[in-house]
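# Architecture and fold: a report
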Amino acid sequence: MSMMRYEPWTLMNQLNREMNQLFRIPGEGNGSESVSDWNPAVDIKENEDSYVLHADIPGVDPKDIEIDMEDGVLSIRGERRIDDEEEGENFRRVERVRGSFYRRFNLPDTVDAEHITARSNHGVLEVTIPKQEKVKPRRITVEG
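Bear in mind that the values here come from a model prediction, so they are computed numbers and not experimental data. (Residues numbered from 1 in each chain as written. Predicted model: local features only at pLDDT ≥ 70, side-chain atom pairs only at ≥ 80, totals over all residues. Heavy atoms only, no water.)

## Comments concerning the pairing of strand E4 (residues 73-80)
Among the eight residues in E4, six count as buried, and that is most of the element. Summarising the sheet, strand E3 (residues 65-70) and E4 pair through six bridges and their orientation is antiparallel. Note that in E4 the partner of Ile-67 across the bridge is Ile-76. As consecutive antiparallel partners, E3 and E4 are separated by two residues, and within that stretch Asp-71 has a phi angle of approximately 55°, a positive value. Of the pairings in the sheet, the one linking E4 to strand E5 (residues 99-106) comprises eight bridges and is antiparallel in character. Considered in E5, the bridge of Leu-74 is made with Phe-105. (Buried < 20%, exposed > 50% of the residue type's maximum accessible area, 1.4 Å probe, protein only. Helix = DSSP H or I, 4+ residues; strand = E, 2+ residues; numbered from the N terminus. Pairing = 2+ DSSP bridges.)

So this is what it looks like as structure tokens:
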């Protein structure tokens, strides 16, 4: 008996990838979107002094996660690997997605890109994106 992977959304995911490819703006992105095997669920909340992003990535080693900030775009990519022990086993059902993921987020100009921090805790990636301190107005005297 051969093992078949159960993926109820296969056709919808394929349609989504094809539509994204069809309407992709030339020069936008680096093509990595098409190599994503799965997309982690993400929540973003805004606090008074920062934005906090939570991504569900259970089973992903923090060493396998890359976070980049360039031109106002925060990119998160990583990979959930298949354990060597699991390859030879006789699974009856496989639902947990494995492979690479890639997410991008456009950030407002008010973020402080130099002080972004990230940590992983119990399968949840938390990225804290501080806002820039507001520049205080100052009076300029005119010399005469």
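Structure's up, so let's keep going.
## What about a nonpolar patch on the surface?
On the surface, a nonpolar cluster with roughly 440 Å² of combined accessible area is contributed by Trp-9, Met-12, Leu-15 and Met-19. Structurally, Leu-15 is set in helix H1 (residues 10-22). (Patch = residues over 30% accessible without salt bridge, like charges linked within 9 Å, V, L, I, M, F, W, Y side chains within 5 Å. Areas by Shrake-Rupley, 256 points an atom, 1.4 Å probe, with all protein chains shown as cover. Salt bridge = Lys/Arg side-chain N within 4 Å of Asp/Glu carboxyl O.)

## Topic: the sheet that holds E4
The three strands are arranged E3-E4-E5 in an open sheet whose pairing can be described as antiparallel. Both outer strands of the open sheet, E3 and E5, are each paired with one neighbouring strand and no more. Here the strands of the sheet are splayed against their neighbours by 10° on average, with no regard to which way each runs. (Axes fitted to C-alpha atoms, helices over the stretch in contact; angles between N-to-C directions.)

## Regarding the sheet that holds strand E7 (residues 124-130)
Whenever strands of a sheet pair, they do so through backbone hydrogen bonds, lying parallel or antiparallel. Read from one edge of the open sheet, four strands run E1-E2-E7-E6, paired in antiparallel fashion. One side of each edge strand has no neighbouring strand; the edge strands of this open sheet are strand E1 (42-46) and strand E6 (117-121). Looking at each pair of strands side by side, their axes are set apart by 15° on average, direction ignored. Relative to E7, strand E2 (residues 50-56) is paired through seven bridges, and the arrangement is antiparallel. From the neighbouring strand, His-54 faces E7, where its bridge partner is Glu-126.

## Quick look at the confidence of the model for the protein
Across the protein, pLDDT averages 82, with 80% of residues at or above 70. Confidence, expressed as mean pLDDT per element, reaches its minimum in the protein at helix H2 (residues 84-87) with 58 and its maximum at E7 with 97. Per-residue pLDDT stays below 50 along residues 25-34; that stretch engages in eight contacts with residues further than four places along the chain or on separate chains. (pLDDT = per-residue confidence, 0-100. Contact = heavy atoms within 4.5 Å.)

## Notes on the nonpolar core
Buried together is how nonpolar side chains tend to be arranged in soluble globular proteins. Within the largest apolar cluster, 17 residues are counted, with the highest numbers of intra-cluster contacts made by Leu-53, Ile-57, Leu-74, Ile-76, Leu-125, Val-127 and Ile-129. Only E2, E4, E5 and E7 provide two or more residues apiece to this core. (Core = buried A, V, L, I, M, F, W, Y, C linked by side-chain atoms within 4.5 Å.)

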